[in-house]
Amino acid sequence: MQQIFNFIFKNSNRLLFLLLLGISLSLTIQSHSFHRSKIISSANFLSGGVYEKVNNLNEYLNLKTQNDALALENAKLKSILFNRKDTTAIKKLDSIKGVKPDDIVVSKVIHNSYNVHENYLTLNSGELQGVKPDMGVINSLGIVGIIENTSPNYSTVISILNKKSQINAKIKKSNHFGSLIWNGKSTGFVQLVDVPRLAAIRKGDTIVTGGQSVIFPENINIGTIDKIEKDNQTNYYTITVKLFNDMTNLGHVYIIKRKDREEITNLEKREKDE
Amino acid sequence: MNSALLVNIFRFILLLAVQIIIFNNMNFLGYISPFPYILFIILYPVNGNKSGLVVASFLLGLIMDMFSNSGGIHATACLVLAYFRPSIFKFAFGLSYEYQTVKLNDVLTPERFSFILLSVVIHHFTLFILEAFQFSFIFDILIRTLLSTVFTIIICIIIIYLIKPNKR
């Protein structure tokens, strides 16, 4: 017994180190392996609050570009409004295709990262505004990511610039679909894999979200084809997609709530159970 | 002794704040960012409590992780650096470390520089390995480590010179 105590006293520093190393390594491994069970995230009171303060300051410096972007979007919406054929009937769909207006939460990016392999954004709206994990996040140009963690007032988003992100996408004109991933290299480009070689594609074709995903509505813009590579071993294309969005410069975003999502997932679950 | 504790607490908070608000937003060439917050571990008193340093480094890293959504990579890297700090001291300063006459925030000598260099390399290498978490990225890891190390060291040395205490 005496010897055990002696051992512990003598090596207390090393034991402490090993204990803490175990904790931090398990946090690391867990954050790399599971999709949404992060213990340490920036969706909390402290970091959310700090980021919000810093962002308020930054916003003053970016007011002009944000204004320009909003004015541009306004102009686009106006043009849709004025060009409508039947002005008496109230149209159900908003300009963001396929989304009803009451399904959208407007939010602001208060922290953005794009320089590591697993990038996350922090938004300033959370559970109190009805934000839940697995909702899609878009802005006026295209998709941004998927909600991962929420707290009462903040939420974190897996950016499309994240090795873990995988989003169903299709080629707009031909309806061939694949999954959208990121290889961790450039912030302006993502990769579309698993597109069958039968698909007739060309450089410059538009890529949009596919209808198979329950997170995003169909036909939301992603980007254009920049480079096409054939994989000789499998019969699939690997396509480099140039994003419409500048992921390094994000301001206001829209969070999409899909009402039919629960119904679809429940249905699929029942199918699986049987 | 008490004032040393206060200085360290103050340094802890200040370096974290500066790192989160300023240096985390610095992306030279898109992916090189400096991490001068590890100055806390480097400048910790030589004869200070070792367990205290290990725990403080863990907390330092954990708070960084919380702000950058990175799981536990900063915590691990800081912990490794804090634990190996005495060995780096021995390597860089040789005998004089035993007599604890080493003072870090002072004129830059080759010994001090090699100590800072080694510390930063160890921290950054651990950090980027854990961040990529795949061996296929080894080239990327090495490049990031190299460039970020240069960047961090320059900023660390500037900070040390800026806040050099005028006591003696």
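Residues numbered from 1 in each chain as written. Chains lettered and ligands numbered in written order. Predicted model: local features only at pLDDT ≥ 70, side-chain atom pairs only at ≥ 80, totals over all residues.

### Comments concerning the overall build of chain B
- Counting its secondary structure elements, chain B contains six helices and zero strands.
- Ordered by position in the sequence, the α and β elements of chain B form the string α-α-α-α-α-α.
- Considering chain B as a whole, with its 168 residues, one finds that 41% of them fall into the buried category.
- Contacts spanning at least 24 positions in sequence make up 62% of the contacts within chain B whose residues lie at least 6 apart. (Helix = DSSP H or I, 4+ residues; strand = E, 2+ residues; numbered from the N terminus. Buried ≥ 20, exposed ≤ 12 C-beta atoms within 10 Å, placed from the backbone. Contact = placed C-beta atoms within 7 Å.)

### Let's talk about the interface of chain B and chain A
- Across the boundary between the two partners, chain B contributes 28 residues, which contact 27 residues of chain A.
- Sorting the residues of the side of chain B that touches chain A by element identifies α1 (2-21), α3 (50-68), α4 (73-93) and α5 (110-132) of chain B as the ones contributing at least two each.
- Its residues assigned to classes, the side of chain B that touches chain A shows 15 nonpolar, 10 polar and three charged. (Nonpolar A, V, L, I, M, F, W, Y, C, P; charged D, E, K, R; others polar.)

### Some words on the sheet that holds strand β1 (residues 104-112) of chain A
Residue and element names in this part refer to chain A.
- Read around the closed barrel, the six strands follow the order β1-β2-β5-β4-β3-β12; overall the barrel is antiparallel. Across the sheet, the mean angle from the axis of one strand to that of its neighbour is 45 degrees, orientation sign disregarded.
- Pairing of strand β2 (residues 118-123) with strand β5 (residues 155-162), which is carried by five bridges, proceeds in the antiparallel orientation. Paired with tyrosine 120 across the two strands is isoleucine 158, which belongs to β5. (Pairing = 2+ DSSP bridges. Axes fitted to C-alpha atoms, helices over the stretch in contact; angles between N-to-C directions.)

### What about the packing of α5(B) against helix α6 (residues 138-162) of chain B?
Residues and elements named next belong to chain B.
- Where α5 contacts α6, the axes come no closer than 9 Å and their chain directions differ by 140 degrees. It follows from the interaxial angle that α5 and α6 lie oblique. In this structure, the crossing between α5 and α6 has a hand that is right-handed. Only Asp140, Ile141, Arg144, Thr145, Ser148, Thr149, Thr152, Ile153 and Cys156 of α6 make contact with α5, whose side of the interface consists of Ile116, Leu117, Val120, Val121, His124, Phe125, Phe128, Ile129 and Ala132.
- Classifying every residue of the contact of α5 with α6 by side-chain character gives 11 nonpolar, five polar and two charged. (Parallel < 35°, antiparallel > 145°, perpendicular 65-115°, else oblique. Left-handed = near helix turned anticlockwise from the far one by under 90°.)

### A few points about the sheet that holds strand β9 (residues 206-209) of chain A
- Read once around its circumference, the closed barrel built from six strands follows the order β6-β7-β8-β11-β10-β9 (chain A), with strand pairing classed as antiparallel. Taking each pair of neighbouring strands and ignoring which way they run, the sheet shows an average axis angle of 40 degrees.

### Describing the confidence of the model for chain B
- Averaged over all residues, the pLDDT of chain B equals 83, while 88% of them reach at least 70.
- With pTM at 0.69, the complex prediction returns an ipTM value of 0.78. (pLDDT = per-residue confidence, 0-100.)

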